[in-house]
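An overview of the molecular structure
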Amino acid sequence: MDGPKLTALPNGSEDFGPYLSSLRRGALQCSELPADTSFSDGFLMKFLRARDFDVELSVKLLLNYQRWRRESPEISTCLSPSSVVDLLQTSYHAVLPQRDHSGSRVLIYRIGQWNPKDWTAFQVFRISLMTSELISMETETQMKGLKVIFDLQGWSLGHALQVNPSIARKISSVLSDSFPLKVRGIHLVNEPMFFRPVFAMIRPFLPDKIKQRIHMHGSDYHDSLCDFFSPDILPPEYGGEGPGIEEACQDWTNHLFQSEGLLQQIAAHPTGDISITPSAPLISEEVDTDHLSEW
Ligand code: VIV
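Calculation notes
Residues numbered from 1 in each chain as written. Predicted model: local features only at pLDDT ≥ 70, side-chain atom pairs only at ≥ 80, totals over all residues. Heavy atoms only, no water. Salt bridge = Lys/Arg side-chain N within 4 Å of Asp/Glu carboxyl O. Helix = DSSP H or I, 4+ residues; strand = E, 2+ residues; numbered from the N terminus. Buried < 20%, exposed > 50% of the residue type's maximum accessible area, 1.4 Å probe, protein only. Near = heavy atom within 4 Å. Areas by Shrake-Rupley, 256 points an atom, 1.4 Å probe, with all protein chains shown as cover. Nonpolar A, V, L, I, M, F, W, Y, C, P; charged D, E, K, R; others polar.

Here we take up the pattern of salt bridges. Applying the stated rule across the entire model yields 13 salt bridges. D52 is the partner of K182 in a salt bridge, and the nearest nitrogen-oxygen pair spans 2.9 Å. Separated by 130 residues along the polypeptide, K182 in the loop between α9 (165-176) and β6 (183-189) and D52 in the loop between α2 (41-50) and α3 (55-71) bring together distant segments of the chain. Assigned by exposure class, K182 and D52 land together as buried. Connected via shared salt-bridge partners are E32, R67 and R70.

Another point: the site of the ligand. Taken together, 16 residues lie around the ligand, and S128, S132, L175, F179 and F195 are the ones closest in. Relative to its unbound accessible surface of 720 Å², the ligand loses 100% to contact with the protein. Of all the elements in the fold, those that place two or more residues in the shell around the ligand are α6 (121-135), β5 (146-151) and α9. A per-element tally of the shell around the ligand places α6 first, with four residues. Here the residues of the shell around the ligand sort into 14 nonpolar, two polar and no charged.

Interpretation note: all reported values are geometric properties and have no functional meaning in isolation.
Laid out in structure tokens, this is it:
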């Protein structure tokens, strides 16, 4: 498939219209979707940005996202923060208030706060999906992606048993090509020896591009994390000088609760496209064919 031609506008910016029509056409040609499916421009932009305006790859990502949602109803149909309130209250998860130097969103998961006797991997996964849906609405995050810090302190056999091959496949799918977000870095800290078998289950399904972005920091991580993130933005618990982890978790939990209605609409929608007006106009100068390889 030949890419659409960029239409230069008088002010020197470019028109996304041709990309949007090619993606729409490509997706609807595919028999997997009901014939009356329609997609909003804002929704399609997530997929175009996640694949740097390569239309063919964007079609694939859009179809994979639809398929993943259909095949994972235990996760995708219940995007309700209330359903996991006690887990959220343990300070399991935060999106840091500040982006990193490259504009990426920075997420922290503290796996040790998850008691595998109380919560299934599906419920834990829902939290990530809720956060992903919310941040993927932000234009800046669509362009600059995200980085994740997994704190595996407290990882136990109970956790390992929950991450069965089916969950491992779902993890590798969302990291590779089933969710419209650019995964720019995955940082594991405090990973114990017996995390390795679980990682070995996920790793083979990841593309090289993502494998190269996974960093294992061990227990002596304060300095090495600062090679990747400026101390200004990291919580003191992770070697930084930013707001504390408890506060960051509480703030993001509040944000999830404020977005409960929106999340439930996304969960209930057949394609997940709830046509939110994007936070920036659909015309800009970001389409630059010299930078088409970084997603
Ligand atoms: O959900 O971009 C064994 C990222 C993540 C997402 C989703 C998107 C995304 C980076 C994950 C990361 C977390 C949806 C769009 C995959 C949910 C994980 C839930 C499970 C139950 C946690 C168990 C702990 C993992 C920890 C290690 C995983 C790394 C090796 C990736």
